[in-house]
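# Observations on the model geometry
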Amino acid sequence: MAAILPQPNWRRFEEAVARFLQALDPSAKVTQDVMTPDRETGLPRQRDVWIETTFGGHLPLGILVSCKCMKAKISQQEMDAFRGELIASNASLGVLYSAAGFTAPALAKAKKIGIDCCMLLEGRPADLPGMLRFDGYCFRERVRLTLRGDPGAAFDTISDLFDLAVGDDGARSTVIASLLRHYEAEKPDIAAHPFGAVPPTWSAAVEISADGLAAPFQVQLDATWRAFRSRREAWLVNGSYCFNNEDFKGSYSTPVVDRLGDHPGPGWEEIDLADVALSGNRAWFVFHGGDWEPALRDGVGAQSPRSLIQT
């Protein structure tokens, strides 16, 4: 039995371009590796991809697509060669797909002579100018504990303060349980917040008045947000990019978001809330909720209450 040899890269590239173009317009007839007659000689010549379609379902069009699977960018001289092939093919339109892109002179010439220059992108970073027209943002709820007033020396640590028994709407509770209950009660409906707007903040407080204290004070819990922006090179795109009009047809995928960790993961960078751009198109992820008592005890539980006093 004869061995089945793997297809060369250029053949796989042609097939991928043909598949994409067929999916782009299912009504068109897209043929890969076809022979069509030469305009001058009448002899058959090989074409990488040939498209037969109609404009408005009425006017017939022939489109010649050449696929260049090379490591180097397409040069101005190669653009001249394709122009000759286009004229000899009798095609109404010429499209040049390059695996590596195009030099600036080649793009300038293509725009002058009416040749469309494209790249097929399969699971690669969105690193071409004008390709990615929106940012990805991820927000994670976090809490900040402060004290309003001075508890004096009544508590050695914040955890001691958390465990103090207090009255809460006629019932007995601990400071931490009461504070978190009020925090959740004050929490707005995050899901109803307008898409594309920075999530809202809120706060809750419990007043502490006990024997041995010089004066009452408040324990306050504020909701804040950590903001992350996806790095452009971490986006993956699948589709076709046309340099002539900076148009992209296909799909994007943001970096994977870790829903459980404190950080969304690789491909995301933490930014200030003030740096969130509220114009243009955005991918938006908002994560909130959780068991805050262990986080608070681990974060500030061992600190002295006086370290969290705010005036």
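A brief structural summary. This one's a predicted model, so the numbers in the text were calculated from it and none came from an experiment.

Here we take up the packing of helix α5 (residues 175–186) against helix α6 (residues 292–300). Where α5 meets α6, the axes come as close as 11 Å, and the angle between the chain directions of the two elements is 125°. Looking at the two axes, α5 sits oblique to α6. α6 is crossed by α5, and the crossing has right-handed handedness. Taking contact as the criterion, the partners of Ile-176, Leu-180, Tyr-183 and Glu-184 in α5 are, on α6, Trp-292, Glu-293, Leu-296 and Arg-297.

Nonpolar side chains collect at one region of the surface, where Phe-55, Leu-59 and Leu-61 lie side by side and expose about 280 Å² of accessible area between them. Tracing the backbone through its elements, the reader meets Phe-55 in strand β2 (residues 44–55).

Let us now look at the sheet that holds strand β1 (residues 29–37). Ordered by their spatial adjacency, 7 strands build an open sheet running β1-β2-β3-β4-β5-β11-β12, and the pairing between neighbours is mixed. Looking at strand neighbours, the two that pair on one side only are β1 and β12 (247–253), the edges of this open sheet. Across this sheet, the average inter-strand angle for adjacent strands is 25°, counted without regard to direction. Where strand β3 (residues 59–68) and strand β4 (residues 93–98) come together, 6 bridges link them in parallel fashion. Among the inter-strand pairings, Ile-63 is bridged to a residue of β4, identified as Leu-93. Helix-sheet contacts for helix α1 (residues 9–24) involve β1, β2, β3, β4, β5 (115–125), β11 (236–242) and β12, and the interaxial angle to β1 is about 120°.

All right, on to the side chain of Arg-282 then. By the element assignment, Arg-282 lies in strand β14 (residues 281–287). Although buried, Arg-282 forms no salt bridge, and the nearest oppositely charged side chain, Asp-135, lies 7.9 Å from it. In this structure the side chain of Arg-282 is engaged in a polar contact, spanning 3.3 Å, whose partner is the backbone oxygen of Gly-196. Polar side-chain contacts of Arg-282 include one of 3.3 Å to the backbone oxygen of Leu-278.

Time to look at the layout of surface pockets. Of the volumes computed, that of the largest pocket is approximately 440 Å³. At the level of elements, α1, β2, β3, β4, β5, β11 and β12 are the ones that each hand at least two residues to the lining of the largest pocket. Here the lining of the largest pocket is composed, by residue class, of 14 nonpolar, 3 polar and 4 charged. Size it by volume and the second largest pocket reaches roughly 260 Å³. Arg-140, Glu-141, Arg-142, Arg-226, Arg-259, Leu-260, Gly-261, Asp-262, Phe-287, His-288, Gly-289 and Trp-292 are the residues that line the second largest pocket.

We now examine the packing of aromatic side chains. Enumeration over the complete set of coordinates arrives at 10 aromatic pairs. Both rings, one in Tyr-241 and one in Phe-243, keep their centres 5.1 Å apart while their planes meet at 80°; by these two values the pair is edge-to-face. Centre to centre, the rings of Phe-248 and Tyr-252 are 5.0 Å apart; their planes meet at 40°, and the pair counts as tilted. Three or more aromatic residues joined by ring pairs make a cluster, and in this case those are Tyr-137, Phe-139, Phe-195 and Trp-284.

Right, let's talk about the pattern of salt bridges for a bit. Note on pairing: side chains with opposite charge can pair once their charged atoms come close. In total, this model carries 16 salt bridges according to the counting rule given. The salt bridge partner of Arg-47 is Glu-85, with a shortest N-O separation of 3.7 Å. Remark: Glu-85 occurs in helix α2 (residues 76–89) and Arg-47 occurs in strand β2; sequence separation between them is 38 residues. Residue classification places Arg-47 among the buried positions, given a relative accessible area of 0%.

Here we take up the nonpolar core. In this structure, Leu-145, Tyr-183, Ile-208, Phe-217, Val-219, Leu-221 and Leu-296 are the most contacted members of the largest nonpolar core, which totals 34 residues. Broken down by secondary-structure element, the contributors of at least two residues to this core are β6 (134–148), α4 (158–162), α5, β9 (203–208), β10 (217–230) and α6. When residues in this core are grouped by element, the largest group, 6 residues, is from β10. Those residues in contact with Leu-296 that lie beyond four places of it in its chain are Val-143, Leu-145, Phe-162, Ile-176, Leu-180, Leu-221 and Gly-301. Counting 28 residues, the second largest nonpolar core, distinct from the first, contains Trp-50, Ile-115, Leu-121 and Met-131.

Cut-offs and rules
Residues numbered from 1 in each chain as written. Predicted model: local features only at pLDDT ≥ 70, side-chain atom pairs only at ≥ 80, totals over all residues. Heavy atoms only, no water. Axes fitted to C-alpha atoms, helices over the stretch in contact; angles between N-to-C directions. Helix = DSSP H or I, 4+ residues; strand = E, 2+ residues; numbered from the N terminus. Parallel < 35°, antiparallel > 145°, perpendicular 65-115°, else oblique. Left-handed = near helix turned anticlockwise from the far one by under 90°. Contact = heavy atoms within 4.5 Å. Patch = residues over 30% accessible without salt bridge, like charges linked within 9 Å, V, L, I, M, F, W, Y side chains within 5 Å. Areas by Shrake-Rupley, 256 points an atom, 1.4 Å probe, with all protein chains shown as cover. Salt bridge = Lys/Arg side-chain N within 4 Å of Asp/Glu carboxyl O. Pairing = 2+ DSSP bridges. Buried < 20%, exposed > 50% of the residue type's maximum accessible area, 1.4 Å probe, protein only. Lys, Arg positive; Asp, Glu negative; His and termini not counted. Polar contact = N/O pair within 3.5 Å; in protein donor to acceptor, adjacent residues only side chain to side chain. 1 Å grid on protein atoms, 1.4 Å probe; cavity = no way out; pocket = protein on both sides within 12 Å on 5 of 7 lines; lining within 4 Å. Points joined across faces, edges and corners; volume = space filled by probe spheres on them. Nonpolar A, V, L, I, M, F, W, Y, C, P; charged D, E, K, R; others polar. Phe/Tyr/Trp six-rings, centres within 6.5 Å; stacked < 30°, edge-to-face > 60°. Core = buried A, V, L, I, M, F, W, Y, C linked by side-chain atoms within 4.5 Å.

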